[in-house]
Each structure stands twice: as structure tokens, then as C-alpha cells.
2 protein chains.
Amino acid sequence: MQAQQILLNSRPEGVPTPDNFKIASLSLPEVKEGEFLVKNLWMSVDPYMRGRMIDRESYIAPFNLGEVLDGGAIGEVIESRHAEFPVGSKVTSMLGWRSHYVTDGNEHTKLPDISLSESHFLGVLGMPGMTAWTGLTRISELKAGETLFVSAASGAVGSIACQLGKLIGAKVIASVGSDEKAAYLKSLGVDAVINYKTVSNLSEALKEAAQEGVDVYFENVGGEHLSAALDNMNDHGRIAVCGMIAQYNDTVPTPGPSNLAMIIIKKLRVEGFIVFEHWAHYPEFAKEMGQWLTTGAVKAEQTVYEGLENASTAFIGLFEGKNCGKMVVKLA
Amino acid sequence: MQAQQILLNSRPEGVPTPDNFKIASLSLPEVKEGEFLVKNLWMSVDPYMRGRMIDRESYIAPFNLGEVLDGGAIGEVIESRHAEFPVGSKVTSMLGWRSHYVTDGNEHTKLPDISLSESHFLGVLGMPGMTAWTGLTRISELKAGETLFVSAASGAVGSIACQLGKLIGAKVIASVGSDEKAAYLKSLGVDAVINYKTVSNLSEALKEAAQEGVDVYFENVGGEHLSAALDNMNDHGRIAVCGMIAQYNDTVPTPGPSNLAMIIIKKLRVEGFIVFEHWAHYPEFAKEMGQWLTTGAVKAEQTVYEGLENASTAFIGLFEGKNCGKMVVKLA
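In this numbering scheme, every chain counts its residues from 1 along its sequence in written order. All chains are assigned letters beginning with A, and all ligands numbers beginning with 1, in the order in which they are written. Totals for whole chains, interfaces and linings use every residue, but because this is a predicted model, local features are given only for residues with pLDDT of at least 70 and side-chain atom pairs only at 80 or more, for both listing and counting. Only hydrogens and water are set aside when side-chain values are computed; all heavy atoms of the structure are taken into account.

- As named in an unreviewed UniProt entry, chain A is Alcohol dehydrogenase zinc-binding domain protein, taken from Shewanella woodyi.

Here it is in C-alpha cells:
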């Protein structure tokens, strides 16, 4: 049995390019006792993967040159010698970027039956949704009546953070990079949307939208967005630092905001987090989010690319604003 | 009765200069029933006063042009028609930068008898000491066995933070701007001292001193110090943001560190605080600190300027590294 895989061909300098990736064929071993064969149906591309393409110490090991990439995936068991994972089981794994693989089931979870596409376990019911929920409920502790500002707000995490903000009872202000995305967020009930590419001064635009000030900033972008948030935070505001996508492709270090003293003046709490450390709370999250999805209180947009050969294009598209909601690749 | 006062003559551009200040004489009113006359013995100059010289909204109102400055002071009641403050009482107030004043006692506290100079109520037993204690015990929650990094470590707050760090059982690394100050901190038992003016790379110097990484950074400086700390923080480290003195005299905004993404990668908590919001804990602090001073577990250095006419020179000296420990002005 031949499997297709995407390897890291070279480490990106700046924005990733197609030649950083290589598709390769691999002969899979026979399925031995206690193992099963998975055909991947969906795989995830996420901004955090960019960090793993750099050879440095971080909260997750870097990808190795010439080796297959990995990341979230949903697959179907098509051959099995493992009692817990019979043929036909749907599983989540961290073994994306490949068409098929043989496994002993370590770090695999069987999916429950849901009426929605299984791909949502890579998005709203998976890592990005859990990230939005963790940042709002566990890190920033957003409360009803407060004002929430979300950057990269049409993305996989941001679009869920905006909707959770509304469910919590906050006023929600979103920043996006196109008028289409702004319209999408408006349709989700967000109170005000800023297209940061068309405003002349982001801090002034945020001040206009949040005249009462910002209590919680859900940080996905960094740079000018962080600076604008610091300008407009209220006393004792909280900044949940989830990502700084504006800097992931920097080839030279970009200076930070010049107004960090606002952290003192406004007595802010700025807290970085990695969702995996909060995974013990996944069942609680999944129960709540499952209900919201079922009732339509949360809507989960996806941008779908087709075919493993387009996975790198989908990944590169994350840094070009190509996705609305969760970017996923349909493999089969 | 004539009192001498220091007025804000002009708003500083950059580092304050003597002509930003003006000494003026004022006739005091008679002491009416319920009032008393105070002769100031000591006044405080503190870096935070620089922020009040800018006409902007902050946690404390700006000074007005042409009006007397204010700040912490210790005085003696020399005439009284107030039962609670008889002649001879020693009082703390926020009515510094003047020789005498008449008051109804609002926001005045009578000093207890102590065997040390009353001036310590402007330092180790006052706002700066309470700031160090609050930042370590309430904001960063420093624990025994952890590593603490303190910038501006020979200052009024920093020198106490270093000593409290040792009492808590932490390894303490200090940054200062002269070899004399380094020797002073060594004499206090600090584990390693960096003279940031003589090292070629502050981040590398901190890495050398803190090979086990930094768990808590007590931030007084900003800029390159913050960047070095971010580079060397351990996972789940805490940064108590007390001040950013490197930026107080900026005439153009100075960009922040380029490595803020460390907040995510290392899951840091960065928290600004203003000591006045924690003042309810002053009795607890004062009891502990009083004992440490009595036993010699904490030593409180002071740099003393004499005469109200030298108060502005003392204040300007804060930004030139002229003080070791608390800078105070002896008025009588």
C-alpha cells in the first residue's frame, strides 16, 4: 500500500512558498496485531504550524527537514487488527499531511456520531474552538456587559471568539482584513467590525467603535493591533495572547508597540496561553459547544481546499487572508 | 507665616531640567479651629512624578502648570487647633515640595515611634517598600526556589525587591548601572549582579547569570531590559510591571521589544500594578517590614539631598542614576 505524504523540503524564509514543501510516496508496512490502517478524510492547516517550521526551542518540537509534517486530521479505519478501532471507525489524530498511515492507536480518539461534518472536529469542536473558549473563559474571564475586541476575527479562532463573546453577553468589536469578512462577522451578530486594511488609523478606529473602552482583547495578530488595543483598554483590562500572526513570517525582528507602559498605567493583565495545557477541560467545552452548534447559537464557517497536493497552498493561504472561518483540506 | 513651595514652571521635554521648576513664596492662612500647621521635615522624589508632569489622563491626575507639586512628605505639627494632631505630632502626607502648610488633617497619618529615621516612611516603610512587597507577594507570587530578576535594582523599589526576594527564598539576579551599585547589592546578599552599562549584550549576560531561567521579572525599566527578560523567562513565568523608567523621558515613542511572542511561547503572565490599589494590605506589609528592619533582615539605604531648593536637582538625579536606595530631600 502506497501513502502520499507532504514533507518539509526547506525552512521558509518569510512567507512560506510552494518549494518549502514536497509530496512523496511511501510504502506502508503491513497492519500487525494491535494496529490499524487509517485513510485520512480531512486535515487541518493552522497558523501555529509556521512556528514549527523554524528550528528553535518552543512549546512544541520543530518539524524536521525532509520529514513528513504533522497536524490535526480526521480519518477512517479501513483495515484493523485492533479491537477498539474496528473498520469504519472515524478517528482524530495529529497525523495530518498524509493520505494513509498505520498506527497502534496511540493519541487517537474515536469520534462520536454528529449530524455535522466530521471536519468540525478540526475547527469549532477541536483545537481552534477550544482555544477561543479557553482564552475567553479561562484566561481573560470575559463577563457580561464588558467590551471584547478580537483581531483576526474571521479566522478559525477569532470567528468563534466573537460568537462566544456575544453568548457571554459582551459587546464585541472585530478586526478583519476585507469587507467580505466584515459582512460575514456582521451576519454573526458582532456589534462593530473594523477593516484594518482600509482605516487610516487603527487605534482611532477602535476608539470610535469602543467609546466605552475595551475590557478584554483577544490577541491573534500583534504589532499595530496590540498597540491599538493598549491605547483603548480600560483599567484592569485583560489581554489573552493567543497568537501574533503578523510576525510569524518576519525575516527581521519587528519592534513591539511603543505604548507598553499602558500595562502599568491601566493595570492590565497580559497573559499568553497554549490550549493544549487546558485540554483537561475539553469535555466541558465540547458539551457546551455541541449544544450551541445544535441550536445554531454558534455557526462554524469553513474554507475547504481539496486534495493533499493542495495542502501547502491552503497553509500558505492562511497568511494571505484566504480563509473565512476554519481552513481545512479535504483528502478523500 | 511664609512658606516656600516648588511650582511646575514648564512641562519637561525629555529629561527634566532645572528651569521646569520654580521656587515661590506663599503667605499661609491662619490656623482655624480643626486645622494645624505642619513644617515638613522630609519629602520624597519618585520616578512616577515624571508621568504627572505630562498633561494626559492616567491613574493619577497631572500636575498643573504654575501650581505647587505634590508627593509624599513627613512633617511635624508646629501649631494646632486639631485634637488628634497636637503640636509635636509627626505626620505623613502627600503634601511634599513645600516647607510648611495648613491642613484639616485629611489624608494625614500620625507616625508611630520608631527607632529609625522617620524618612523611612517615604521609602522602605512607605510607598516604594510597599510597591516591592506588592509586586512580589501579590502580583508575581514569587516562591522559594524560584529565580527573580530585578531591574533598576539599586533604586528605592528595586533594592527592597531584591532583599524580599532573598527572604522569600529565591535566587536573585539584579541589574544596575554602576559598579558601585553592583557592590552595594552584593553586600545585600544578591546572588548575581549585572552592570547593564558595561555588558555588550544584556540578554546574554542574563542568560549567563540565570542558567536555570527566570521565573519572575520585577520590571522597573522597560526596553532592552524587558527584551532580555522575555528571552530568559521560564514557562509560566510572571512579569510584575511596576515601572518603565527608560521611557519616562522619551520625546518620541520608543518601540517595544521585538520578542513579545515569548508571552505566548512561554505562556507568561505580564501584569501591571499601581501600589495605591493594594493599600488595604499596608498594615500586613508594615508589620512584616517593621520586623525585618528591626532584625536587620532588610537594610534600607537612602540618598539624601538637603534643602527644598535642591528638591528639583534630587528629582532630576533619579533619571541620571544618582540615587542608591531611596532618594529623599531633608527639608528641616
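Read on for the rest.
**Structural notes on the overall build of chain A**
Okay, step 1: Strands here mean DSSP runs of E at least two residues long; helices mean DSSP runs of H or I at least four residues long; both are numbered from the N terminus. Across its full length, chain A carries 9 helices and 15 strands.
Okay, step 2: Based on C-alpha atoms, the radius of gyration is set beside the globule rule, defined as 2.2 Å times the residue count to the power 0.38. For 332 residues, the compact-globule estimate of 2.2 N^0.38 gives 20 Å, and the C-alpha radius of gyration of chain A, at 20 Å, lies within 12% of that figure.
Okay, step 3: For chain A, the C-alpha atoms occupy an extent of roughly 65 × 45 × 35 Å along the three principal directions.
Okay, step 4: The contact rule is simple, with two residues in contact once any of their heavy atoms fall within 4.5 Å. Partitioning the contacts of chain A with sequence separation of at least 6, the portion at a separation of at least 24 is 67%.

**Some details on the UniProt feature "domain: Enoyl reductase (ER)" (unreviewed entry) in chain A**
Okay, step 1: Mapped onto the present numbering, the UniProt feature "domain: Enoyl reductase (ER)" (unreviewed entry) falls on residues 16-329 of chain A.
Okay, step 2: In this annotation, residues 16-329 of chain A is assigned 25% helix and 24% strand; the end-to-end C-alpha distance for the span is 17 Å. UniProt positions are given in the numbering used here, feature names are shortened, and annotations may be inferred rather than shown by experiment.

**Notes on helix H4 (residues 179-187) of chain B**
All names here are of chain B.
Okay, step 1: Working definition: with a 1.4 Å probe on protein chains only, accessible area under 20% of the residue-type maximum means buried, over 50% means exposed, and in between means partly exposed. Looking at H4, one finds that the buried residues are Lys181, Ala182, Tyr184 and Leu185. All buried residues of H4 project into a common sector of 160 degrees when viewed along the axis, lining one side. With respect to the buried face of H4, the exposed residues turned more than 90 degrees away are Asp179, Glu180 and Ser187.
Okay, step 2: Structurally, H4 contributes buried residues whose contacts are with helix H3 (156-168), strand S9 (171-176) and strand S10 (192-195).
Okay, step 3: Residue Gly189 follows H4 closely and has a positive phi angle near 95 degrees. Note: the arc covers the axis-to-C-beta directions of the helix.

**Some points on the relation of the copies chain B and chain A**
Okay, step 1: A least-squares superposition brings the copies together, and it is based on the C-alpha atoms of residues with pLDDT no lower than 70 in both. Aligned on chain A, chain B shows an RMSD of 0.0 Å; the corresponding rotation is 180 degrees and the shift along the axis is 0.0 Å. In the structure described here, the two chain copies are related by an operation that fits a two-fold rotation axis. Taking C-alpha positions as reference, the residue of chain B nearest the rotation axis is Gly256 of chain B, located at 2.0 Å.
Okay, step 2: A shared interface surface links the copies, since 100% of the contact residues of chain B are contact residues in chain A too.

**Concerning the sheet that holds strand S11 (residues 214-219) of chain B**
Okay, step 1: Across the sheet, which stays open at both edges, the 12 strands sit in the order S10(A)-S9(A)-S8(A)-S11(A)-S12(A)-S13(A)-S13(B)-S12(B)-S11(B)-S8(B)-S9(B)-S10(B) with mixed pairing between neighbours. Single-partner strands in this sheet number two, and they are strand S10 (192-195) of chain A together with S10 of chain B. Taken pair by pair, the neighbouring strands of this sheet meet at an average axis angle of 15 degrees, ignoring direction.
Okay, step 2: Criterion used throughout: strands pair if DSSP finds at least two bridges between them. With 4 bridges connecting them, strand S8 (residues 147-150) of chain B and S9 of chain B associate as parallel partners. Residue pairing across strands places Thr147 of chain B opposite Lys171 of chain B, the latter belonging to S9 of chain B. To obtain each axis, a line is fitted to C-alpha atoms, and for helices this fit is confined to the stretch in contact; angles are then taken between N-to-C directions over 0 to 180 degrees.

**Some thoughts on the nonpolar core**
Generally speaking, a soluble globular protein has its nonpolar side chains buried in company with each other.
Okay, step 1: Residues Trp97 and Leu185 of chain A are the most contacted members of the largest nonpolar core, which totals 68 residues.
Okay, step 2: Each domain's extent was defined by an automatic or database domain assignment. Viewed by domain, this core spans two of them, domain 1 (2-122 + 300-330) and domain 2 (127-276) of chain A, each represented by three or more residues.
Okay, step 3: Residues enter a nonpolar core if they are buried and are Ala, Val, Leu, Ile, Met, Phe, Trp, Tyr or Cys, with the set joined through side-chain atoms within 4.5 Å. Counting 67 residues, the second largest nonpolar core, distinct from the first, contains Trp42, Trp133, Val275 and Met327 of chain B.

**Here we look at the packing of aromatic side chains**
How two aromatic rings sit relative to each other is set out by the distance from centre to centre and by the angle between their planes.
Okay, step 1: Ring pairs are drawn from Phe, Tyr and Trp, using the six-membered ring of Trp, whenever the two centres fall within 6.5 Å, and their geometry is named by plane angle: stacked under 30 degrees, edge-to-face over 60, tilted for the rest. On inspection of all chains with the given rule, the structure shows 22 aromatic pairs over all chains.
Okay, step 2: The interplanar angle of 35 degrees and the centroid separation of 6.1 Å between the aromatic rings of Phe276 of chain A and Trp279 of chain A together place this pair among those described as tilted.
Okay, step 3: Taking relative accessible area as the criterion, Phe276 of chain A reaches 37% and is therefore assigned partly exposed.
Okay, step 4: Aromatic side chains Trp279 of chain B and Tyr282 of chain B sit 5.1 Å apart centroid to centroid with 15 degrees between the ring planes, which places their arrangement in the stacked category.
Okay, step 5: Classification of Trp279 of chain B by relative accessible area gives partly exposed; the value is 32%.
Okay, step 6: Taken together, the aromatic side chains of Trp133, Phe276, Trp279, Tyr282 and Phe285 of chain A make up a single cluster linked through ring pairs.

**Structural notes on the packing of helix H2 (residues 127-139) of chain B against H3 of chain B**
All names here are of chain B.
Okay, step 1: Two elements in contact, H2 and H3, have axes whose closest approach is 8 Å; the angle formed by their N-to-C orientations is 45 degrees. As judged from the angle between their axes, H2 and H3 are oblique. In this structure, the crossing between H2 and H3 has a hand that is right-handed. Between H2, through Pro128, Gly129, Thr131, Ala132, Trp133, Leu136 and Thr137, and H3, the contact on the second element is made entirely by Ala156, Val157, Ile160, Ala161, Leu164, Gly165 and Ile168.
Okay, step 2: Throughout, the ten residues Ala, Val, Leu, Ile, Met, Phe, Trp, Tyr, Cys and Pro are labelled nonpolar, Asp, Glu, Lys and Arg are labelled charged, and all others, Gly among them, are labelled polar. Among the residues forming the contact of H2 with H3, the class breakdown is 10 nonpolar, 4 polar and no charged. In what follows, roughly perpendicular refers to angles from 65 to 115 degrees, roughly parallel to angles under 35, roughly antiparallel to angles over 145, and oblique to any angle outside these ranges. Helix crossings are classified by the rotation of the near helix relative to the far one: an anticlockwise turn of less than a right angle makes the crossing left-handed, while a clockwise turn makes it right-handed.

**Overview of the pairing of strand S12 (residues 233-241) of chain B**
Residues and elements named next belong to chain B.
Okay, step 1: Here S11 runs beside S12; their pairing, made up of 5 bridges, is parallel. From the neighbouring strand, Tyr217 faces S12, where its bridge partner is Ile239.
Okay, step 2: Classification remark: right-handed applies to a crossover when, strands pointing away from the viewer, the course from the first strand over the helix to the second runs clockwise. In this fold, S11 hands off to helix H6 (residues 224-232), which returns the chain to S12; that crossover is right-handed.
Okay, step 3: Here 4 bridges tie S12 to strand S13 (residues 269-272), and the two strands are oriented parallel to one another. Bridge pairing in S13 links Val241 to Gly272.

**Some details on the pattern of salt bridges**
Okay, step 1: We define a salt bridge as a contact between a side-chain nitrogen of Lys or Arg and a carboxyl oxygen of Asp or Glu at a distance within 4 Å. What the rule picks out here adds up to 24 salt bridges over all chains.
Okay, step 2: Two residues, Glu277 of chain A and Lys267 of chain B, come together in a salt bridge whose shortest N-O distance is 3.0 Å. On the criterion of chain membership, the pair formed by Glu277 of chain A in the loop between strand S13 (269-272) and helix H8 (282-295) and Lys267 of chain B in the loop between helix H7 (262-265) and S13 is interchain, its members lying in two chains.
Okay, step 3: For Lys267 of chain B, a relative accessible area of 8% gives the class buried.
Okay, step 4: The network of salt bridges with shared partners includes Glu141, Arg269 and Glu271 of chain A.

**Regarding the interface of chain B and chain A**
Put simply, an interface is often sized by how much accessible area is lost when its parts join up.
Okay, step 1: Counting from both sides, the interface comprises 30 residues of chain B and, opposite them, 30 residues of chain A.
Okay, step 2: By the criterion of area lost to chain A, the three top residues of chain B are Ile264, Ile265 and Lys267 of chain B, representing 24% of everything that side buries.
Okay, step 3: Our enumeration of links across chain B and chain A arrives at 2 salt bridges.
Okay, step 4: Within 3.5 Å is the distance limit for a polar contact, defined as a pair of N or O atoms, with the added protein rule that one can donate a hydrogen and the other accept it, and that residues adjacent in sequence qualify only through two side-chain atoms. Between chain B and chain A we count 10 residue pairs in polar contact (both at pLDDT 80 or more) in total. Accessible surface is computed with a 1.4 Å probe, and the buried area is the amount of it that two parts give up when combined, taken over both parts together.

**Quick word on the pairing of strand S14 (residues 302-306) of chain B**
Residue and element names in this part refer to chain B.
Okay, step 1: Of the pairings in the sheet, the one linking S14 to strand S15 (residues 326-330) comprises 5 bridges and is parallel in character. For Thr303, the partnering residue across the bridge sits in S15 and is Met327.
Okay, step 2: Once the chain exits S14 it traverses helix H9 (residues 311-317) before rejoining the sheet at S15, and the crossover so formed is right-handed.

**Things to note about the domain arrangement of chain A**
Residue and element names in this part refer to chain A.
Okay, step 1: Here the domain parsing of chain A yields domain 1 (2-122 + 300-330) and domain 2 (127-276).
Okay, step 2: Counting the surface lost from both domain 1 and domain 2, the interface buries some 1,400 Å², and carbon and sulfur atoms represent 67% of this.
Okay, step 3: Between domain 1 and domain 2 we count 0 salt bridges in total.
Okay, step 4: Remark: the boundary between domain 1 and domain 2 carries 4 residue pairs in polar contact (both at pLDDT 80 or more).

**Points about the environment of His82 of chain A**
Residues and elements named next belong to chain A.
Okay, step 1: With respect to the element layout, His82 can be found in the loop between strand S4 (73-80) and strand S5 (90-93).
Okay, step 2: Along the primary structure His82 and Glu35 are separated by 47 residues, whereas in three dimensions their C-alpha atoms are 5.3 Å apart.
Okay, step 3: Sequence-distant contacts of His82, that is, excluding residues within four places in its chain, are made with Gly34, Glu35, Phe36 and Asp104.
Okay, step 4: Of note is the side chain of His82, whose polar atom sits 3.2 Å from the backbone nitrogen of Glu84.

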